[in-house]
Amino acid sequence: MLADDMVYGDTWYQVWGTEYAYETRGTSSGPYQIWSQSYYAIEVTNTMIHEIDYSKVEGFSDDKAKQYIAEAKAVRAMVHVDLARYFGKAYHLDNGASKAVPYVDKIGYSSTPGVVDLPERNTMKDIYAKAIADLNAAITDLPAVNSGNSRYMNKNAAYAILARIYMDMHMYPEAKAAATNALDGVNLMNKDTYYEGGLSRVNDESLLVFVSDKDKYSKWRTFTSFHDNWDGMGDDFRANETLVALFADNDLRKHFFAPESDHEYGSGYEYHKHYLKYPGYGVNVAKTSLGYYTYGKFPRVDAVIGESKGSLGLGEYNYIRGSEMVLIIAECAAREGASGETEAKNRLLEIQQRMISGASLSTNSGQNLIDEIIVEYRKEMFGEGHGHRLMLRLGDGLKRTGGNHTALLNLPAGDPKFQWPVPQSELDSNPNLAK
């Protein structure tokens, strides 16, 4: 939503309009929500690390206690870095010199009873260094990923977060090594799993998944609900026509997209046809006159084609998956120059041949090969929360085109609008955040 590939409709939820338009203020609700929820999660991790005496917890071995602490450290690192990208300047623009958010790695009480520490903001360089240290400390005591534990922090996911951090820092050899470790023992999901809703559930390439408990979830506030164009928030989040144009007609991923009009006037059959595009329907993606498309990349996990459209919002969010790591390795290899091009092309083909009939090895080289990999990254990872991060680390600025954007923008890299202000309510309670 903060980049160009998604068009924000501001129809139902009507919360993120100021962020989408890059008119964020200290009183805006978006930054406050993300800030407060992130530091709540950080407080939980610090409690797990510093406050729990695991020796008194029945049934807890030393190894299990170490694992829990390791999970907490890795989650703490992940949350801080994700938060810093909104409130700080892209790392590579000033080598991390800008201030972003406090890296809180202790319980917030000083030695004086009843007095709370008031932390200052750390620089991006400090935040990334602390996160790398947390992740490296955690990895030793984390289990490897498998189908049962991708819903929890694990060794592969921690390496994947390291890879993301190093990509932000433009440390490509380190990013490549971390991404390679993240893929240890991991296979990509196959075409059928992908095409039949695999991104809404744990699959072979899941590294870290956020779960919706079918007995407890709020149907209006899950990841899949915000991408659901039938009863959910899918009128708010749409695919830009410029993105859809990147998909070849023989690319099965193109079938995830449908013109908005087909959704608005469709019957239940149309829902199945355009929201759940299973093989055999032979859907042709028509050109839209509106400039944007709805999409069915994240279907409801309990939908049954031809019988039931399933439960709104019920699905799992693959926050990190193997395909991203493959594309990171491809990009890093391409940046090595001629010596890495063969590996880069083979890794790129690994992604393309799964969904593109007749895909063949790229004939590009140099910057053209890097650009091709970046385009594939946009296509493969659309809707999964990568556009903003990709835009920042590439340093291309924001150039919104097409799509009937309600906020057409042309912001150069480093524009102050990319940095969200600290929420005013936080400044009121902690003046040190103004430093």
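Details of the structure are given in the entry above.
Residues numbered from 1 in each chain as written. Predicted model: local features only at pLDDT ≥ 70, side-chain atom pairs only at ≥ 80, totals over all residues. Heavy atoms only, no water.

### Quick look at the sheet that holds strand E3 (residues 237-240)
As a reminder of what qualifies: Strand pairing requires that DSSP identify at least two bridges connecting the strands. Segments assigned H or I by DSSP are reported as helices when at least four residues long, segments assigned E as strands when at least two residues long, and all are numbered from the N terminus. An axis is simply a line fitted to the C-alpha atoms; with a helix, the fit covers only the stretch in contact. Between two such axes, the angle follows the N-to-C directions and lies from 0 to 180 degrees.
The sheet built from four strands is open, its strands ordered E1-E3-E5-E4 with antiparallel pairing. With partners counted over all chains shown, the strands left at the sheet margins are strand E1 (6-8) and strand E4 (257-259), one partner each. The sheet shows a mean angle of 50° between the axes of neighbouring strands, direction not considered. Strand direction decides the pairing type here: E3 and strand E5 (residues 292-295), joined by two bridges, are antiparallel. Among the inter-strand pairings, Asn240 is bridged to a residue of E5, identified as Tyr292.

### Focus on the pairing of strand E6 (residues 317-321)
Rules: Residue burial is assigned from relative accessible area. The probe radius is 1.4 Å, only protein chains are included, and a residue is buried under 20% of its type maximum, exposed over 50%, and partly exposed in between.
Burial runs high along E6: five of the five residues are buried. As judged from the four bridges shared by strand E2 (residues 206-210) and E6, these two strands associate in the antiparallel manner. Within E6, the residue paired with Phe210 across the bridge is Tyr317.

### Section: the packing of aromatic side chains
Convention followed: Only Phe, Tyr and Trp rings take part, Trp by its six-membered ring, and two of them pair if their centres are within 6.5 Å. Stacked means planes under 30 degrees apart, edge-to-face means over 60, and tilted covers everything else. Both a distance and an angle decide whether a charge sits over a ring: NZ of Lys or CZ of Arg must be within 6 Å of the ring centre and within 35 degrees of the ring normal.
Scanning all chains against the criterion turns up 22 aromatic pairs. A ring pair is formed by Phe257 and Phe382, whose centres lie 5.8 Å apart and whose planes are at 50°; its orientation type is tilted. In this pair, Phe257 sits in strand E4 while Phe382 sits in the loop between helix H15 (366-381) and helix H16 (387-394), placing the two residues 125 residues apart along the sequence. Looking at Phe382, the relative accessible area reads 5%, which means it is buried. On the basis of an interplanar angle of 80° and a centroid distance of 5.0 Å, the ring pair of Tyr295 and Phe382 is categorised as edge-to-face. Residue Tyr295 is located in strand E5, and its partner Phe382 is located in the loop between H15 and H16; the two are separated by 87 residues in the primary sequence. Of the two residues examined, Tyr295 and Phe382, each falls in the buried class. Among the aromatic residues, those joined into a cluster by ring pairs are Trp35, Tyr39, Tyr86, Phe87 and Trp420. One Lys or Arg, Lys379, reaches over the ring of Phe247 and ends 5.6 Å from the middle of that ring.

Shape descriptors only; they carry no functional weight alone.
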